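The lines below spell out each chain.
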Amino acid sequence: LPSRSAVFANASFGRQIEPRSSVGTTLAADEPVSFDLAQARVGADLALGALTVRPALSWEQTDYADVALTGGGSADMSFRDARRIGGDLALGYQLSGLVSTFTEVSYTASKSLNALAGAERDADDWSVIAGVRGEVTPLVSAEVAVGYRNRNYDLARYRDFAGFTYRADVEWYATPLVTFRLQASQSFLNSGNSQVAGILQNRIGLTGYYDPLRNLRLSATATYERNAFRDTDTRTS
């Protein structure tokens, strides 16, 4: 391909574990909830002078395992199984050698695979976001974007969402051996509560890295999350 252009494809499969009670699963659970996550993504990076274009398609499927209960037996979590198919288009423009602007448009269709009768979580989700990325100073690099997001559920029993969305990723190279990274984002989580379709999460995290040796890195992370169980007007943090 021409210089600075490329095509890419990746796929992954693995067993994931959720932190206990992070998404409203049963209080009688004797173990964390686990699920199989399969993902695939294909796209291209195209450079047209100062303009860059990245179209991509993605596929994802989650399959939840039964969770053991403290009193014996197990609880079926398959009502959370879902398949998501989507695509996105990102446009970037290089303002200088250090700073660029970008705009991203994305769409995802979610389909419940084993939902309870009358509780299918099928939804359409699209967003538009714009921002800047690059070096703020020789010691600080950042990517900050804001935009609009809309999620519509097929069933009227679930509350749709339309409003502000954002993401940020800032790195500060405080010393030659110490780096700090601040990340903030908004996303929807697959709810473990059968009465709630999706959990709106706002998350901010701060990580510190210390590199005493060339091949050794020590890190510590602090994270704050605020989750809105919108269908039951419940919030956790």
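Residues numbered from 1 in each chain as written. Predicted model: local features only at pLDDT ≥ 70, side-chain atom pairs only at ≥ 80, totals over all residues. Heavy atoms only, no water.

### Focus on the overall build of the protein chain
Counting its secondary structure elements, the protein chain contains zero helices and 14 strands. Helices and strands appear in the protein chain in the N-to-C order β-β-β-β-β-β-β-β-β-β-β-β-β-β. By residue count, 33% of the 237 residues in the protein chain fall in the buried class. Once local pairs closer than 6 in sequence are excluded, the contacts in the protein chain between residues at least 24 apart make up 52%. As displayed, the protein chain has an accessible area near 13500 Å², and 57% of this comes from carbon and sulfur atoms. Once the 23 positive and 26 negative side-chain charges of the protein chain are each reduced to a mean point, those two points are 4 Å apart. (Helix = DSSP H or I, 4+ residues; strand = E, 2+ residues; numbered from the N terminus. Buried < 20%, exposed > 50% of the residue type's maximum accessible area, 1.4 Å probe, protein only. Contact = heavy atoms within 4.5 Å. Areas by Shrake-Rupley, 256 points an atom, 1.4 Å probe, with all protein chains shown as cover. Lys, Arg positive; Asp, Glu negative; His and termini not counted. Charge placed at Lys NZ, Arg CZ, Asp CG, Glu CD.)

### Some details on the sheet that holds strand β10 (residues 161–172)
Reading across from one edge, β1-β2-β3-β6-β7-β8-β9-β10-β11-β12-β13-β14 is the order of the 12 strands in this open sheet, with antiparallel pairing throughout. Among the strands making up the open sheet, the edge pair consists of β1 (6–17) and β14 (234–236). Put simply, the sheet's adjacent strands are angled 15° from each other on average, direction ignored. Here 13 bridges tie strand β6 (residues 82–94) to strand β7 (residues 99–112), and the two strands are oriented antiparallel to one another. Across the sheet, the residue bridging to Arg-83 is Lys-111, located in β7. (Pairing = 2+ DSSP bridges. Axes fitted to C-alpha atoms, helices over the stretch in contact; angles between N-to-C directions.)

### Describing the nonpolar core
Side chains that are nonpolar tend, in soluble globular proteins, to be buried together. In terms of nonpolar packing, the biggest core is built from nine residues, these being Ala-29, Val-33, Phe-35, Leu-37, Tyr-64, Val-67, Ala-75, Met-77 and Phe-79. Contacts of Ala-75, omitting those with residues within four sequence positions, involve Asp-66, Val-67 and Leu-69. Within the second largest apolar cluster, five residues are counted, among which are Ala-119, Tyr-153, Tyr-158 and Ala-197. (Core = buried A, V, L, I, M, F, W, Y, C linked by side-chain atoms within 4.5 Å.)

### Let's talk about the environment of Leu-189
Within the secondary structure, Leu-189 is located in strand β11 (residues 178–190). According to the relative accessible area criterion, Leu-189 is partly exposed, its value standing at 23%. Measuring from C-alpha to C-alpha, the distance between Leu-189 and Thr-165 comes to 15 Å, with 24 residues separating the pair along the chain.

### Examining the side chain of Ser-100
Along the polypeptide, Ser-100 turns up in strand β7. Apart from the residues within four sequence positions on either side, Ser-100 is in contact with Tyr-93, Gln-94, Leu-95, Gly-131, Val-132 and Arg-133.

### Some remarks on the layout of surface pockets
By rolling a water-sized probe across the atoms, one finds the places where empty space is left. In this structure, the second largest pocket encloses a volume near 230 Å³. Where the lining of the second largest pocket is concerned, the elements lending two or more residues are β3 (51–64), β6 and β7. Take the lining of the second largest pocket: its biggest share by element is five residues, from β6. Looking at the lining of the second largest pocket residue by residue, the classes come out as six nonpolar, five polar and five charged. (1 Å grid on protein atoms, 1.4 Å probe; cavity = no way out; pocket = protein on both sides within 12 Å on 5 of 7 lines; lining within 4 Å. Points joined across faces, edges and corners; volume = space filled by probe spheres on them. Nonpolar A, V, L, I, M, F, W, Y, C, P; charged D, E, K, R; others polar.)

### Some details on the confidence of the model for the protein chain
Close inspection of predicted coordinates is inappropriate for parts of the model with low pLDDT. The predicted model of the protein chain has a mean per-residue pLDDT of 92, with 100% of residues at 70 or higher. Per-element confidence in the protein chain ranges from a low mean pLDDT of 79 for β14 to a high of 97 for strand β9 (residues 140–153). (pLDDT = per-residue confidence, 0-100.)

### With respect to empty space enclosed by the protein
Following the criterion strictly, the structure yields one cavity of 30 Å³ or more and no others. Residue lining of the largest cavity: Phe-79, Ala-115, Leu-116, Ala-119, Arg-121 and Ser-194, and that is the complete set. Residue composition of the lining of the largest cavity, by class: four nonpolar, one polar and one charged.

### Some remarks on the packing of aromatic side chains
What the rule picks out here adds up to six aromatic pairs. The aromatic ring of Phe-102 is capped on one face by Arg-133, whose charged end is 4.0 Å from the ring centroid. Against the face of Phe-188 rests Arg-151, its NZ or CZ located 4.1 Å from the ring centre. (Phe/Tyr/Trp six-rings, centres within 6.5 Å; stacked < 30°, edge-to-face > 60°. Lys NZ or Arg CZ within 6 Å of the ring centre and 35° of its normal.)

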